[in-house]
Amino acid sequence: QVQLVESGGGLVQPGGSLSLSCAVSGSIFSINAMGWYRQAPGKQRELVATITSGGSTNYADSVKGRFTISRDNAKNTVFLQMNGLKPEDTAVYYCNADLKVTAMRRGGYWGQGTQVTVSS
């Protein structure tokens, strides 16, 4: 069974930094793109950043220049370094992985979410 386990959320003051990580475990054939999404109260889930297996990245305009996504393919882990945090970054952050559990079976998997709160 595939599991995505996130860690690193918390409370931080505006302008501060947090680092999130998400480890994928279970019987996995390969992992394609990985990413981070977030959902604020009363809003739809939105893309924050994605990274392909080859290291190509994509960011939401709202986080460009402040957030950095990276991954360790050997450890099946994706990271999100968040700097210059703003109150509007407050949300539950979800990890996502597009992966294959066998050569022919592919799907998207989600973590349980981790709360990030930016407040003074």
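As a reminder, the structure under discussion sits directly above these lines.
As a starting point, this report considers the structure included with it.

## Section: the environment of Gln115
Here is step 1 of the chain: Structurally, the position occupied by Gln115 is in strand S11 (residues 114-118).
Here is step 2 of the chain: Between the C-alpha atom of Gln115 and that of Gln39, which follows or precedes it by 76 residues, the distance is 9.6 Å.
Here is step 3 of the chain: Not counting chain neighbours up to four residues away, the residues in contact with Gln115 comprise Gly9, Gly10, Thr90, Ala91 and Val92.
Here is step 4 of the chain: For Gln115, the side chain forms a polar contact with the main-chain oxygen of Ala91, separated by 3.4 Å.
Here is step 5 of the chain: Side chain to side chain, Gln115 and Thr117 meet in a polar contact 3.3 Å long.

## Considerations on the nonpolar core
Here is step 1 of the chain: Counting 30 residues, the largest nonpolar core has Trp36, Leu80, Met82 and Tyr93 as its most contacted members.
Here is step 2 of the chain: Among the elements that take part in this core, strand S9 (residues 91-100) stands out by supplying 5 residues, more than any other.

## Examining the sheet that holds strand S7 (residues 67-72)
Here is step 1 of the chain: Taken together, the 4 strands give an open sheet; going across it, the order is S1-S3-S8-S7, and neighbouring strands pair in antiparallel fashion. Each having just a single partner strand, strand S1 (3-7) and S7 make up the two edges of the open sheet. Within the sheet, the average angular offset between the axes of one strand and its neighbour, ignoring direction, is 15°.
Here is step 2 of the chain: Bridging between S7 and strand S8 (residues 77-82) involves 6 bridges; their strand directions are antiparallel. Pairing of Ser70 across the sheet is with Phe79, part of S8.

What counts and how
- Every chain begins its residue count from 1, and numbering advances along the sequence as written.
- Local features in this predicted model are restricted to residues of pLDDT 70 or higher, and side-chain atom pairs are both shown and tallied only at a pLDDT of 80 or more, whereas totals for entire chains, interfaces and linings draw on every residue.
- Here the side-chain values reflect all heavy atoms present in the structure, with hydrogen atoms and water set aside.
- Going along the chain from the N terminus, every DSSP run of H or I of four or more residues is numbered as a helix, and every run of E of two or more is numbered as a strand.
- Working rule for contacts: check all heavy atoms of both residues, and any pair within 4.5 Å makes them a contact.
- Pairs of N or O atoms within 3.5 Å make up the polar contacts considered here, provided that, within protein, one atom can donate a hydrogen while the other can accept it, and that residues adjacent in sequence are counted only when both atoms are side-chain atoms.
- We call a set of buried residues a nonpolar core when its members are Ala, Val, Leu, Ile, Met, Phe, Trp, Tyr or Cys and they connect through side-chain atoms within 4.5 Å of each other.
- To sort residues, take the accessible area from a 1.4 Å probe on protein chains only and compare it with the maximum for the residue type: under 20% means buried, over 50% means exposed, and anything in between is partly exposed.
- Here, strands pair whenever DSSP counts at least two bridges between them.
- Orientation is described by lines fitted to C-alpha atoms, with helices fitted over the stretch in contact, and by angles between N-to-C directions that extend from 0 to 180 degrees.

By themselves these figures say nothing about function.
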